[in-house]
Amino acid sequence: MPADRPQRKTFPWIRAFIGTAVVGALIVVGAQIFEQQLHPVKPGGTPPPRVPNADFPTDTFDGKDVTQPINYSHKLHAGDLGINCLYCHTYARRSKVAGIPPTAKCMGCHTVVGTEKPEIQKLTAMWSKGQSPAWKKVNDVPDFVHFSHERHLQRFLLNNKDMNIKDSPDVCAMCHGDMNTVGVAKKMKPLTMGFCVTCHEKNKGPADCTRCHK
Amino acid sequence: MSKTKIDRRNFLKVLGLGSAGAALAGCDMPSYVTSDEGKENIYSYLAPEEYVIPGIGVWYASTCQQCPASCGVHGRVREGRVLKLEGNPDASVNKGKICQMGQAAIQGHFHPERIENPLINGQKATWDEALALVAKKSGGAAWLTGAMSGHQRVLIDAHRTAGGNARHYAVEVVNARPWEDASLATLGDANPNLHIDKARAVLAVGADFLGTWGNPVKSMRDYGNFRSAPRGVLMSIEPAMSMTGANSDIWVTARPGSEAAVLMGVGHILTTKHGVSVADMPSAALAFADMTPTKVLGLSDVKEEQLAKIADTLMANSPSLILANANHDTAKVAQVLNMMLGNVGQTLTPSAAITAEALLPVTGSSKDLVEFAMDAKAGKISSVFISGTNPVFLAPSKLDMAGALAKVGFKVAIADFHDETTTACDVVLPASSALEAWGTHVPVDGSDAGEVYIQQPLMENVHANTRGLGDILLAVAKGAGVDGLAEFEDYYGYLRTAVSALIGSDLEGDWNSILQKGKAVTAVNHSNFNAGGDVALGFSEPAAKAGTLTLITSARQGLFDGRHANLPWLQEAPDQISKAVWDSWAEIHPKTAAKIGAKDGDYITITSANGSITTRVFIYKGIHQDAISVPMGRGHTNYGLYAKNGVNPLSLLDASSGDRQTTELLNSGVSVTVKPTGDNRHLVRLMDVDSQHGRKLAATITADQFDRNQGGA
Amino acid sequence: MPSLLGNVFKGWSDYSKGIEQGGNQKYEHMFSMSIDLDKCTGCNACSTACYAENNLAWVGEYKFASRQSMHWMRIERYFDEPDVGSSDPESLDRGASFLPMMCQQCNAAPCEPVCPVAATYHTVDALNAQVYNRCIGSRYCANNCPFRVRYFNFYDNAPTAWPAPMDQGLNPDLSVRSKGVMEKCTFCIQRIRGANETAKREGRELKDGDIVTACQQTCPTSAIVFGDLLDKTSEISKIWKRQQVKLGTYKQEKENKDLRGYRIFEELNIEPKVLYLERVREV
């Protein structure tokens, strides 16, 4: 009589399923936590600036310190001296990019102001050589995101009937944070898709993917 | 044995856990923060114009130089870079439209293989060194250019005059020379203004006016109106299908070289059946009477009913327009027929050239190519400037252009790309692309618009050390001691003064207005036709006897005469007729293919008395059974990475020393034998099907239906 | 959050009203096109203009042969005339038929429902949108397209297609697609958005002629017309009306049988939005 054939083991479906679900969940959640620790998004944060007819996320982000060719201080110019954002970043109201101001704008003051300071001398040297400073982008979004400053300024600043143009720093702070507190520019808001979409939802902005991803 | 059992309780438990895990994973909105800070650079402007706003394109007007037509363009410039060309709506030649060659100009402008520095004997040199050498050794130099007009021509003429009046050879293998010569001889006007939009019927004989003949964009624009109600009828007679032929209502294929006879056959029917008078041209009348349909059949394989159909259509649709460029004989017959049918004054009106004659265009021909080679070989040319043409590539191999150039003591090339000719030259001066240089151009269109198109830089130089053609010509002219140029630092200064003189105003406002419109409008000479009385019509027996194969070639709107073979967009743009990309092909009729035993994808060797080429066949019915057509444009041996494939049919053509006055290279076929090599590789095409397989894709209705509907759209 | 069932019932009612009456979406615009095949010369200017405008990568002979090219707008060329037949069996006595073919932006697009991640969907402009960063490259959409006008980036074509300094000529208004992403004609959505911005800036509505697609702008014979079908004053809606071609049905009942307007594959019930005008020949 032949020996008992060994029973075929049935595949442990339940264990495999549980195992995959647990490992999968661990990976996904763990990645999020890991990512958060690398780039901590702080929900809530600074008190909301006073922009009427707007309701937006207040998450903040602690960006890297980026070395720029000229050690420009927003704190001094925008904060202490009170220069309006749109004076330098003038293209924001007319174009999709806010633009780094042309050097001619800086030289408008700095041909006479602060000419003994080393950073100003650096700038003046570039200006006379016809060299454009190689600024590093700080508030950068991926290339497949097409953001338009003009539309957002129209909504929150220019066509916002309760808003005065001299308060434009409040609008800019919605995405750029309070620039009056930093020296060299730093990324102070997460600028993730979640950040954008939350604000769009709250303020009835367009929900069509191709408005930003084209 | 496993004790685990999947029962319903366990299963639901497990499901719950799994989905909880998944839910946990997906509970958050996407919140991965990209850490791109500090990765990309952003360069601010220094002191931009107030209308320059980053993110918004500024449009500047200029002129396209991708072919001799010189259409006006608008260039979109963003952040100091030109990104796209569109037609200039203010330019009367093209009125806001451009062709694919114009669209591809951007690729040539930003091309990685542009020449960046002057070269002396292949070694990098400075401009001062190069120009000094040029000034020293180019005394009495001849000029070998493509078609040319405007102030660039003025400088070249000044240079030649100062140096002893050497010849300006203008080379264009794709040209309208037969038409120009015939029009001059019959109407007294080499470049009559054509009104395709006013014609009710157009007959094109070897004149691919929609593709590469004359002003294709202007013609296409007018063609759009031609096809609107009341719809015009287009007819073609040619040995192989061109783009114009492909759009024809009636397409007739004739043996290569027999076009004149066929057109005379049409004249025969017009005079005998329709009684059209040839009273004032007895020689022409005789020629028509002599050219019976039987004779036409023997010479061309065109049947009487085909001739009758063409003649009937011309009679029924008046005014008509007959365009011919197949050869000089054919063009003359065409003009005689135009006169007989009363088209002159309606669809053909006298040209009105600008009064500033020094700016008028020098249109090119292959005659100049041949005569240059002969003059060089005879030692008549001591030095030469070569610009805007590639004679080593264009010349038939029997002409031995390389040998001819070797006999020229000193050769200077002004070019933006290395090609077969620049490598033969002693000095190479790197030209800026057309999108970064100044210039003026007068289009060849016979119209009375009186426009001189301005070419202005659409951005700063891509390469710091190239110079615009005008700047180079100015420097060379100064170096040769031409008077009156010392005050001009650069070509911009020269043009500013010259154009102001042209329009009679040096006001800044007027100059800016010219730059905005991309053109200056000046006075024209209105003239009348000067019909030259009796016209003797002849035809040459086609070289090819029935049953032998004739190799013909043609240019296509795309690679043109080969000058755009280095542009990948145009290499990848499928040829309009064969839909082939990136490689050459030989068009043959299925009967011919059967005779030589070739099938799709077969390589064949085409052998003539002047050499042989090997390429793959494209078999279709749009070609005469005695013709084999290899469109030109490929077969470069030294034109960069993207121009490596294909064969050059021009090398096989006859550069006969016969009557060069009336023999254009492109129009003279050469007798060949053809043999499959045994190799086979699928010809890469956009589509391998030529049939719609009964589906309603590109549907057709009859002209009756169209007429009943009064035009449709 | 609105009840799930409520959404289903509401959505069904909207959908069943038919596409022509706004259908399952309240369209703000309905962009469509008309191409006159009698004026089209097959010159290919539109195709090259599309390459320049939309950052299309050229791929070279080998990849072209493998059907991995990117020509969003292609000109097909046929030698037969199924409707009228040729008279000369040995020659092409009535020339060739050219057919510019690009994404027909079907209102009932077969490519949209099958995307596993909803990277392609119908916008309120009635465009068939393609969101590159959402696409995971399943290629199901390309499989479904009866016109075969969807092109997949099998390779990272950018380094070979735009060797420096050719990349300086890229259009910054549009993404450059990377490997693994599907792309197709978008009716020049960057120009549509740009026109929207201009209209908004000037405080007015979009009007006919504000948006000109790249192919339309360069077409030398003006065979291509583009516009908003919902704008009754636009040239395109007049053309559709004159040709008596209606959206929402594939059984066009035309009073005048000689009208030239038709849509390709409309019997598949996919509602293509490109109207073709039949080529005309003497027969």
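Just above sits the structure.
Anyway, here's the lowdown on the structure attached to this text. (Residues numbered from 1 in each chain as written. Chains lettered and ligands numbered in written order. Predicted model: local features only at pLDDT ≥ 70, side-chain atom pairs only at ≥ 80, totals over all residues. Heavy atoms only, no water.)

**Looking at the overall build of chain A**
Part 1 of the reasoning: When helices and strands are tallied, chain A shows 8 helices and 3 strands.
Part 2 of the reasoning: Listed by position from the N terminus, the elements making up chain A come as α-β-β-α-α-α-α-β-α-α-α.
Part 3 of the reasoning: What you see for chain A is a C-alpha radius of gyration of 25 Å, clearly larger than the 17 Å of a compact globule of 214 residues, by over 25%.
Part 4 of the reasoning: Going through the 214 residues of chain A one by one, you find that 35% of them count as buried. (Helix = DSSP H or I, 4+ residues; strand = E, 2+ residues; numbered from the N terminus. Rg over C-alpha atoms; globule rule 2.2 N^0.38 Å. Buried < 20%, exposed > 50% of the residue type's maximum accessible area, 1.4 Å probe, protein only.)

**Quick look at the sheet that holds strand β13 (residues 320-324) of chain B**
Backbone-to-backbone hydrogen bonds join strands into a sheet, with any given pair of strands oriented parallel or antiparallel.
All names here are of chain B.
Part 1 of the reasoning: Overall, parallel pairing links the 4 strands, which are arranged β12-β11-β10-β13 in an open sheet. Every interior strand has two partners, whereas the edge strands, β12 (250-253) and β13, have only one. Strand-to-strand twist in this sheet, taken as the mean axis angle between neighbours without regard to direction, amounts to 10°.
Part 2 of the reasoning: Pairing analysis gives 5 bridges linking strand β10 (residues 201-205) to strand β11 (residues 233-238), with the strands arranged parallel. Counterpart to Val205 in the pairing with β11 is Ile237. (Pairing = 2+ DSSP bridges. Axes fitted to C-alpha atoms, helices over the stretch in contact; angles between N-to-C directions.)

**Considerations on the packing of helix α4 (residues 127-137) of chain B against helix α17 (residues 469-479) of chain B**
Residues and elements named next belong to chain B.
Part 1 of the reasoning: With their axes 9 Å apart at the nearest point, α4 and α17 run at an angle of 50° to one another. Accordingly, the angle class assigned to the pair α4 and α17 is oblique. The chirality of how α4 crosses α17 is right-handed. Where α4 approaches α17, its residues Trp127, Leu131, Val134 and Ala135 are matched on the opposing element by Ile472, Ala475, Val476 and Gly479. (Parallel < 35°, antiparallel > 145°, perpendicular 65-115°, else oblique. Left-handed = near helix turned anticlockwise from the far one by under 90°. Contact = heavy atoms within 4.5 Å.)

**Some details on the sheet that holds strand β21 (residues 519-521) of chain B**
All names here are of chain B.
Part 1 of the reasoning: Overall, antiparallel pairing links the 3 strands, which are arranged β19-β20-β21 in an open sheet. Sheet topology places β19 (439-441) and β21 at the edges, where each strand pairs with a single neighbour. Ignoring strand direction, the axes of neighbouring strands in this sheet form an average angle of 25°.
Part 2 of the reasoning: Sitting on the sheet, helix α18 (residues 491-503) touches β19, β20 (451-455) and β21, and the angle it makes with β19 is about 40°.

**Brief notes about the pattern of salt bridges**
Part 1 of the reasoning: Taken as a whole and judged by the stated rule, the model has 62 salt bridges over all chains.
Part 2 of the reasoning: A salt bridge links Glu172(B) to Arg563(B); the nearest nitrogen and oxygen atoms lie 2.8 Å apart. Pair noted here: Glu172(B) is in the loop between β8 (168-170) and α6 (177-187) and Arg563(B) is in the loop between β23 (549-552) and α20 (568-572), with a separation of 391 residues, a long-range link.
Part 3 of the reasoning: By relative accessible area, which is 22% here, Arg563(B) ends up partly exposed.
Part 4 of the reasoning: The salt bridge partner of Asp38(C) is Arg281(C), with a shortest N-O separation of 3.7 Å. Of this pair, Asp38(C) sits in the loop between β1 (31-36) and α2 (45-53) while Arg281(C) sits in strand β11 (residues 279-281), placing them 243 residues apart in sequence. (Salt bridge = Lys/Arg side-chain N within 4 Å of Asp/Glu carboxyl O.)

**Some details on the nonpolar core**
Part 1 of the reasoning: In terms of nonpolar packing, the biggest core is built from 168 residues, with Ile606(B), Phe187(C) and Tyr276(C) touching the most fellow members.
Part 2 of the reasoning: Looking at this core, the element that brings in the most residues is helix α14 (residues 366-377) of chain B, giving 5 residues.
Part 3 of the reasoning: Setting aside anything within four residues of it in sequence, one finds Ile606(B) in contact with Ala586(B), Gly611(B), Ser612(B), Ile613(B), Thr615(B), Ile628(B), Val630(B), Leu652(B), Val672(B), Thr673(B) and Val674(B).
Part 4 of the reasoning: Core analysis: the second largest hydrophobic core is formed by 41 residues, Ile269(B), Met281(B), Ile322(B) and Val336(B) among them. (Core = buried A, V, L, I, M, F, W, Y, C linked by side-chain atoms within 4.5 Å.)

**Quick notes on the pairing of strand β28 (residues 670-680) of chain B**
Residues and elements named next belong to chain B.
Part 1 of the reasoning: With 3 bridges joining them, β23 and β28 adopt antiparallel strand pairing. Across the sheet, Leu551 pairs through a bridge with Val670, a residue of β28.
Part 2 of the reasoning: The pairing of strand β25 (residues 602-608) with β28 spans 5 bridges and is classified as antiparallel. When the bridges of β28 are listed, Thr605 appears paired with Lys675.

**Some thoughts on the packing of α6(B) against helix α13 (residues 328-340) of chain B**
Residue and element names in this part refer to chain B.
Part 1 of the reasoning: As a packed pair, α6 and α13 sit with axes 8 Å apart at the nearest point and diverge in direction by 45°. With respect to α13, the axis of α6 lies oblique. Between α6 and α13 lies a crossing whose hand is right-handed. Of α13, the residues touching α6 (which contributes Arg177, Pro178, Trp179, Asp181, Ala182, Ser183, Thr186 and Leu187) are His328, Ala331, Lys332, Gln335, Asn338 and Met339.

**Remarks on the pairing of strand β10 (residues 274-277) of chain C**
All names here are of chain C.
Part 1 of the reasoning: Residue alternation in β10 divides its side chains into two sets, Val274 and Tyr276 and Leu275 and Leu277, and both sets are buried.
Part 2 of the reasoning: Of the strand pairs in this sheet, β1 and β10 are connected by 4 bridges, and their pairing is parallel. For Asp36, the partnering residue across the bridge sits in β10 and is Leu277.
Part 3 of the reasoning: Two elements, strand β9 (residues 261-262) and β10, share 2 bridges in a ladder whose sense is antiparallel. Its bridge partner being in β10, Tyr262 is matched across the sheet by Tyr276.

**Here's the deal with the interface of chain B and chain C**
Part 1 of the reasoning: Contacts between the two partners involve 91 residues from chain B and, on the opposite side, 85 residues from chain C.
Part 2 of the reasoning: For the pair chain B and chain C, the summed buried area comes to about 7500 Å², and 55% of that belongs to carbon and sulfur atoms.
Part 3 of the reasoning: Put simply, chain B and chain C have 11 salt bridges between them.
Part 4 of the reasoning: The partner of Asp173(C) in a salt bridge is Arg76(B), and the shortest N-O contact between them spans 2.6 Å.
Part 5 of the reasoning: Remark: the boundary between chain B and chain C carries 48 residue pairs in polar contact (both at pLDDT 80 or more).
Part 6 of the reasoning: Considered class by class, the residues forming the side of chain B that touches chain C number 41 nonpolar, 27 polar and 23 charged.
Part 7 of the reasoning: By the bridge criterion, 3 bridges tie strand β29 (residues 700-702) of chain B to β11(C) in an arrangement that is parallel. Within β11(C), the residue paired with Thr700(B) across the bridge is Arg279(C). (Buried area = accessible area lost by both parts, 1.4 Å probe. Polar contact = N/O pair within 3.5 Å; in protein donor to acceptor, adjacent residues only side chain to side chain. Nonpolar A, V, L, I, M, F, W, Y, C, P; charged D, E, K, R; others polar.)

**With respect to α4(B)**
Residues and elements named next belong to chain B.
Part 1 of the reasoning: Every buried residue of α4 is listed here: Trp127, Ala130, Leu131 and Val134. Projection of α4 onto a plane perpendicular to its axis shows the buried side chains occupying an angular sector of 95°, all on one side. Those residues of α4 that are exposed and angled more than 90 degrees off the buried face are Asp128 and Lys136.
Part 2 of the reasoning: Where α4 is buried, its residues contact β5 (119-120), β16 (383-387), β17 (410-415), β18 (427-430) and α17. (Arc of directions from axis to C-beta.)

**Re the environment of Trp251(B)**
Part 1 of the reasoning: With respect to the element layout, Trp251(B) can be found in strand β12.
Part 2 of the reasoning: As a C-alpha pair, Trp251(B) and Ile237(B) span 14 residues in sequence and 6.2 Å in three-dimensional space.
Part 3 of the reasoning: Excluding its chain neighbours within four sequence positions, the residues that come into contact with Trp251(B) are Ser236(B), Glu238(B), Ala240(B), Met241(B), Gly245(B), Lys621(B), Gly622(B), Ile623(B), Ser91(C), Leu92(C), Asp93(C) and Gly95(C).
Part 4 of the reasoning: Within the structure, the side chain of Trp251(B) is placed 2.8 Å from the side chain of Glu238(B), a separation counted as a polar contact.

**As for unusual backbone geometry**
Residue and element names in this part refer to chain B.
Part 1 of the reasoning: The omega angle of the peptide bond from Ala229 to Pro230 is -5°, so this bond is cis rather than trans.
Part 2 of the reasoning: With omega at 0°, the peptide bond leading from Ser318 into Pro319 counts as cis.
Part 3 of the reasoning: Summarising the element assignment, Pro319 is placed in the loop between α12 (304-316) and β13.
Part 4 of the reasoning: Positive phi, close to 50°, is recorded for Asn121, a residue that is not glycine.
Part 5 of the reasoning: Looking at the element boundaries, Asn121 is found in the loop between β5 and β6 (123-124).
Part 6 of the reasoning: We classify Asn121 as exposed; its relative accessible area is 56%.

**Let's talk about a nonpolar patch on the surface**
Part 1 of the reasoning: A cluster of nonpolar side chains, namely Val23(A), Ile27(A) and Val28(A), defines an oily patch on the protein surface of about 240 Å² accessible area.
Part 2 of the reasoning: Tracing the sequence through the fold places Val28(A) in helix α1 (residues 13-38). (Patch = residues over 30% accessible without salt bridge, like charges linked within 9 Å, V, L, I, M, F, W, Y side chains within 5 Å. Areas by Shrake-Rupley, 256 points an atom, 1.4 Å probe, with all protein chains shown as cover.)

**Notes on the packing of aromatic side chains**
A ring pair, where both rings are aromatic, is described by two values, the distance of the centres and the angle of the planes.
Part 1 of the reasoning: Counted by the stated rule, this structure contains 21 aromatic pairs over all chains.
Part 2 of the reasoning: Ring plane angle 25° and centroid distance 6.2 Å describe the contact between Trp438(B) and Trp511(B), whose orientation is recorded as stacked. Of this pair, Trp438(B) sits in the loop between β18 and β19 while Trp511(B) sits in helix α19 (residues 508-517); the two residues are 73 residues apart in sequence, bridging distant segments of the chain. No difference in accessibility class separates Trp438(B) from Trp511(B), as the two residues are buried.
Part 3 of the reasoning: Centre to centre, the rings of Phe31(C) and Phe226(C) are 5.5 Å apart; their planes meet at 15°, and the pair counts as stacked. (Phe/Tyr/Trp six-rings, centres within 6.5 Å; stacked < 30°, edge-to-face > 60°.)

**A closer look at the side chain of Asp368(B)**
Residues and elements named next belong to chain B.
Part 1 of the reasoning: Within the secondary structure, Asp368 is located in helix α14.
Part 2 of the reasoning: For Asp368, a relative accessible area of 10% translates into the label buried.
Part 3 of the reasoning: Each residue touching Asp368, except ones within four places of it in the same chain, is listed here: Arg167, His168, Tyr169, Ala170 and Val171.

**Focus: the side chain of Ser432(B)**
All names here are of chain B.
Part 1 of the reasoning: Mapped onto the fold, Ser432 is located in the loop between β18 and β19.
Part 2 of the reasoning: The class for Ser432 is buried, based on a relative accessible area of 7%.
Part 3 of the reasoning: Looking at Ser432, its side chain comes within polar contact range of the main-chain nitrogen of Gly468, at 3.3 Å.
Part 4 of the reasoning: Once residues within four sequence positions are removed from consideration, Ser432 is found in contact with Arg114, Ala437, Asn461, Thr466, Arg467 and Gly468.

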